[in-house]
Amino acid sequence: MHAYTGGGSVLCFGLSMIMYSMYVWWRDVVNESTYQGHHTVAVQIGLRWGMILFIVSEVMFFFAFFWAFFNASLAPGIEIGGVWPPHGIQALNPWEVPLVNTLILLTSGASVTWAHHAILAGWRQQAIWSLILTVVLAAAFTALQVLEYLEAPFSISDGVYGSTFFLATGFHGFHVFVGTIFLTVCLFRLYQFHFTRNHHFGFEAAAWYWHFVDVVWLFLFVSIYWWGGQ
């Protein structure tokens, strides 16, 4: 019990530090861009390349989890019965909560694209409502993911299947959480008239990040939920 409490305290401390770091970063970026006028064309180009390289690093991060999953599933060892999923593991039905979450994320990807086009066209109200819809869908995805974890018939300690499943989907869930905060910040900035038709890279960066989250989930759904659960 003491060890579990200590682990929870470390996790809470880590999450609080991440939240504080994101707050400080967004605060500084907003001040530099909106109030100080430091985001010149050259700076915006640098920010674009920085976001692209960040997403590339995130691709490599998830690639490691997919590598571990396929390494274990394509050639299951005798220690797990030579089959996949391993003996004793009851895989989740991909056509229930996972399918609903897939539809939710695909819809959120469409709504954030709608918001982007509305900003480019100068349709502020449409941009606000479509971004609100995106944030609501993101929150719904997270709620369903938590429900799925609570009802899962296996845990992260159930061998290679449990560890690869919860690490891959758990880190994706964390990225959804970060992306939801990112989009919420953009919603606040949009409401405060921070974005114009020609100067809105903060929103573009959030949209890129969200589309990356969508694509990762599609790979998770096809490989881990559907193919890996058969």
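Residues numbered from 1 in each chain as written. Predicted model: local features only at pLDDT ≥ 70, side-chain atom pairs only at ≥ 80, totals over all residues. Heavy atoms only, no water.

Explain the pattern of salt bridges here, please?
Between side chains of opposite charge, pairing is possible as soon as their charged atoms come close. Throughout the structure, instances matching the rule amount to 1 salt bridge. In this structure, Arg-48 and Glu-204 form a salt bridge, with 2.9 Å as the shortest nitrogen-oxygen distance. You can see Arg-48 sitting in helix H2 (residues 41-73) and its partner Glu-204 sitting in helix H6 (residues 201-227), a full 156 residues away along the chain. You can call Glu-204 buried: its relative accessible area is 11%. (Salt bridge = Lys/Arg side-chain N within 4 Å of Asp/Glu carboxyl O. Helix = DSSP H or I, 4+ residues; strand = E, 2+ residues; numbered from the N terminus. Buried < 20%, exposed > 50% of the residue type's maximum accessible area, 1.4 Å probe, protein only.)

It is not clear to me how the packing of aromatic side chains should be interpreted in this structure. Could you clarify?
Given two aromatic rings, one states the distance between the centres and the angle between the planes to describe the pair. Summed over the entire model, instances satisfying the criterion amount to 28 aromatic pairs. Centroid distance Phe-69 to Phe-70: 5.3 Å. Interplanar angle 75°. Geometry classified as edge-to-face. The class for Phe-69 is buried, based on a relative accessible area of 1%. Residue class for Phe-70 comes out partly exposed when judged on its relative accessible area of 30%. Note on Trp-84 and Tyr-161: the rings are 5.3 Å apart at their centroids and 50° apart in plane angle, and the pair reads as tilted. (Phe/Tyr/Trp six-rings, centres within 6.5 Å; stacked < 30°, edge-to-face > 60°.)

Is there a simple way to think about the layout of surface pockets in this case?
The gaps of empty space that remain are located by a probe, the size of a water molecule, rolled over the atoms. Volume-wise, the largest pocket comes out at about 510 Å³. The wall of the largest pocket is formed by 28 residues, among which Trp-25, Trp-26, Met-51, Phe-182 and Ala-205 lie closest to the centre. Contributions of two or more residues to the lining of the largest pocket are made by helix H1 (2-35), H2, helix H5 (159-191) and H6. Residues that form the lining of the largest pocket fall into these classes: 17 nonpolar, 9 polar and 2 charged. Every residue lining the second largest pocket is counted, 14 residues in all, and those nearest its centre are Leu-15, Gly-170, Gly-173, Phe-174 and Phe-177. The residue makeup of the lining of the second largest pocket, split by class, is 9 nonpolar, 5 polar and no charged. (1 Å grid on protein atoms, 1.4 Å probe; cavity = no way out; pocket = protein on both sides within 12 Å on 5 of 7 lines; lining within 4 Å. Points joined across faces, edges and corners; volume = space filled by probe spheres on them. Nonpolar A, V, L, I, M, F, W, Y, C, P; charged D, E, K, R; others polar.)

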